[in-house]
Amino acid sequence: ENLKDLYGIDEFYKNNFNEETIYFIARCHFELAKYDKAIQKLLLLTAGYENREPHSKLIRNAYFWLGETYYCKSLLNEAIKAYEVVLKYGTYSEKEKVLYSIGWALFEKGDLASKDASKKHFNLLLNDYPNTAFRLKTELKLAEIEIEEGNSERGERIIDELKNTTMNDDFI
């Protein structure tokens, strides 16, 4: 017998309910630091979307949390790959958080090329989202990268600009 006959539930709702349930179970696993279980559930949700647009916000969220989970496991290339799906297909507001996350993942890779790519993502975030909630942390990370690369003057200039802006009263 089918679900509609048994419970009056259309197949569409059953599938939608299952996706939401799997998503929230995955998020619970993430919050409990059970990353392997979270990855398993998130991969179930994202299966089949590798080469096509995830139209559903739930699936884009699953990709974001898949990236976060990989990041927590220091699987940085996998994290970046998951984040890039959201960057490619996400809405304007979804892309803001992903630019920040990609910047961090690239920074954590530690090599020079990745740090340069990290700076590009952080600068893109600051340019495209001038009022981002991530502004202070992003500018501090850019200053740190500059100082680590031997550009102390540039790094210190970023920090001085932060001290002088009213937007960052909490910084001082």
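Residues numbered from 1 in each chain as written. Predicted model: local features only at pLDDT ≥ 70, side-chain atom pairs only at ≥ 80, totals over all residues. Heavy atoms only, no water.

Caption draft 1: Molecular detail of the environment of Thr69. Locating Thr69 in the fold gives a position in helix H4 (residues 57-72). Assessed through its relative accessible area of 0%, Thr69 is described here as buried. Separated by 34 residues in sequence, Thr69 and Tyr35 have C-alpha atoms that sit 6.0 Å apart. Residues contacting Thr69, with those up to four places away along its chain left out, are Phe30, Tyr35, Ala38, Ile39 and Leu42. (Helix = DSSP H or I, 4+ residues; strand = E, 2+ residues; numbered from the N terminus. Buried < 20%, exposed > 50% of the residue type's maximum accessible area, 1.4 Å probe, protein only. Contact = heavy atoms within 4.5 Å.)

Caption draft 2: Region of the structure containing the packing of H4 against helix H5 (residues 76-89). Where H4 meets H5, the closest approach of the two axes is 7 Å, and the angle between their N-to-C directions is 155°. By the angle between their directions, the pair H4 and H5 is classed as roughly antiparallel. Helix-helix and strand crossings are classified by hand; for H4 and H5 the assignment is left-handed. Touching Arg60, Tyr63, Phe64, Leu66, Gly67, Glu68, Tyr70 and Tyr71 of H4 are Leu76, Glu78, Ala79, Ala82, Tyr83, Val85, Val86 and Tyr89, all from H5. (Axes fitted to C-alpha atoms, helices over the stretch in contact; angles between N-to-C directions. Parallel < 35°, antiparallel > 145°, perpendicular 65-115°, else oblique. Left-handed = near helix turned anticlockwise from the far one by under 90°.)

Caption draft 3: Region of the structure containing H4. The end-to-end C-alpha separation of H4 is 22 Å, in line with the 22 Å expected for 16 residues at 1.5 Å each. Counting buried residues in H4 gives 12 out of 16 residues, a clear majority hidden from the surface. Residues of H4 that are buried: Leu58, Ile59, Arg60, Ala62, Tyr63, Phe64, Trp65, Leu66, Gly67, Glu68, Thr69 and Tyr70. Its side-chain oxygen 3.1 Å from the backbone nitrogen of Leu58, Ser56 forms the N-cap of H4. Following H4 by one or two positions, Ser74 has its phi on the positive side, about 60°. (Expected span 1.5 Å × (residues − 1). Polar contact = N/O pair within 3.5 Å; in protein donor to acceptor, adjacent residues only side chain to side chain.)

Caption draft 4: Local environment of the packing of aromatic side chains. Applying the stated criterion to the full structure yields 10 aromatic pairs. Ring centres 6.3 Å apart and planes at 55° place the aromatic pair Tyr100 and Phe122 in the tilted group. Of the two residues, Tyr100 is situated in helix H6 (residues 92-109) and Phe122 in helix H7 (residues 112-128); the sequence distance between them amounts to 22 residues. Here the aromatic rings of Tyr100 and Phe134 are separated by 4.3 Å at their centres, their planes lie at 15°, and the arrangement is stacked. One end of the pair, Tyr100, is in helix H6; the other, Phe134, is in the loop between H7 and helix H8 (135-148), and 34 residues separate them in sequence. Each residue in the set Phe30, Tyr35, Phe64, Trp65 and Tyr83 is aromatic and connected to the rest through ring pairs, giving one cluster. When the ring centre of Trp65 is taken as origin, the NZ or CZ atom of Arg27, which lies over that ring, is 3.7 Å away. (Phe/Tyr/Trp six-rings, centres within 6.5 Å; stacked < 30°, edge-to-face > 60°. Lys NZ or Arg CZ within 6 Å of the ring centre and 35° of its normal.)

In short, shape yes, function no, at least from these values alone.
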